[in-house]
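What follows is the residue order along each chain.
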Amino acid sequence: MNLANRITLARIFLVPIVAFFLLVKLDVQPLTIGSYSISYNQIFALVLFILAASTDGLDGYIARKRKIVTNLGKLLDPLADKLLIGAVLISLVEMDKLDAWVAIVIISREWAVTGLRQIALLEGVVLAASKWGKWKTTIQIAMIVVILLNNLPFEFIHVPVDTIVIWAAALITVYSGIDYFVKNKTLIVESSNQPPGSAKKEVRRNV
């Protein structure tokens, strides 16, 4: 197994560890600074989440740079991202730090686009990540970091940045999902009329 795939697998292995620190309460006093308080569980989970999220893109870069792109990597990389984001969102809902509808919207969009990508692959088309998709991922990560920090440092100046990024993440998630489907509506129509076993030669499409 090459280095890029090992990095991707490491991101997957970090998912249950991050969820553990979020959901299992340690019998330790929280870190308190004046009126601000944060549990050590969240601190540990935040560090691991940032570590895992920072590998997103690194594995792909290494694979392309060293020309070691594999089918396993193409499968595991998007799966790792969805598992990480999904696990943290569900954990935040359980912790009453995020409304369930936000998690449902984000997770539903991710799997809907995954389904579209599978349709594209059957047609021999590789859908590259769009600029809106990249912005979506960045804002989702920023949202999770702000929530896990309990809105630090904005809490001290009473600015609800956590609420702002939650709405921003939800809106751009929906928009980027719609953007994928609108730009690839012909692909869906073609696939609905395409008999099995007649896939086209693979091409790469930027959306």
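Look a little higher up for the structure.
All values derive from a computational prediction rather than experimental measurement. (Residues numbered from 1 in each chain as written. Predicted model: local features only at pLDDT ≥ 70, side-chain atom pairs only at ≥ 80, totals over all residues. Heavy atoms only, no water.)

(A) Region of interest: the nonpolar core. Counting residues in hydrophobic clusters, the biggest one holds 32 residues, and the most contacted among them are Phe49, Val88, Leu89, Leu92, Leu98, Met143 and Ile144. Counting residues per element, the ones that place at least two in this core are helix H1 (3-23), helix H2 (40-54), helix H4 (71-94), helix H5 (100-122), helix H6 (131-148) and helix H7 (161-183). Looking at this core, the element that brings in the most residues is H6, giving seven residues. Those residues in contact with Leu89, other than ones at most four positions away along the chain, are Leu98, Ala103, Ile106, Ile107, Met143 and Ile144. (Core = buried A, V, L, I, M, F, W, Y, C linked by side-chain atoms within 4.5 Å. Buried < 20%, exposed > 50% of the residue type's maximum accessible area, 1.4 Å probe, protein only. Helix = DSSP H or I, 4+ residues; strand = E, 2+ residues; numbered from the N terminus. Contact = heavy atoms within 4.5 Å.)

(B) Here's a closer look at the pattern of salt bridges. All chains considered together, the criterion is met by six salt bridges. Linking Arg11 and Asp81 is a salt bridge whose minimum nitrogen-to-oxygen distance equals 3.0 Å. With Arg11 in helix H1 and Asp81 in helix H4, the pair connects residues that are 70 residues apart, well separated along the chain. Taken as a pair, Arg11 and Asp81 share a single burial class, namely buried. Ionic contacts of the salt-bridge type, sharing partners, join the residues Lys82, Arg109, Glu110 and Lys136 into one network. (Salt bridge = Lys/Arg side-chain N within 4 Å of Asp/Glu carboxyl O.)

(C) Layout of the environment of Leu98. With respect to the helices, strands and loops of the structure, Leu98 is situated in the loop between H4 and H5. Residue classification places Leu98 among the buried residues on the basis of a relative accessible area of 5%. A C-alpha to C-alpha distance of 9.9 Å links Leu98 and Asp162, two positions 64 residues apart in sequence. Not counting chain neighbours up to four residues away, the residues in contact with Leu98 comprise Leu89, Leu92, Val93, Ala103, Ile147 and Ile166.

Purely geometric numbers; function is a separate question.
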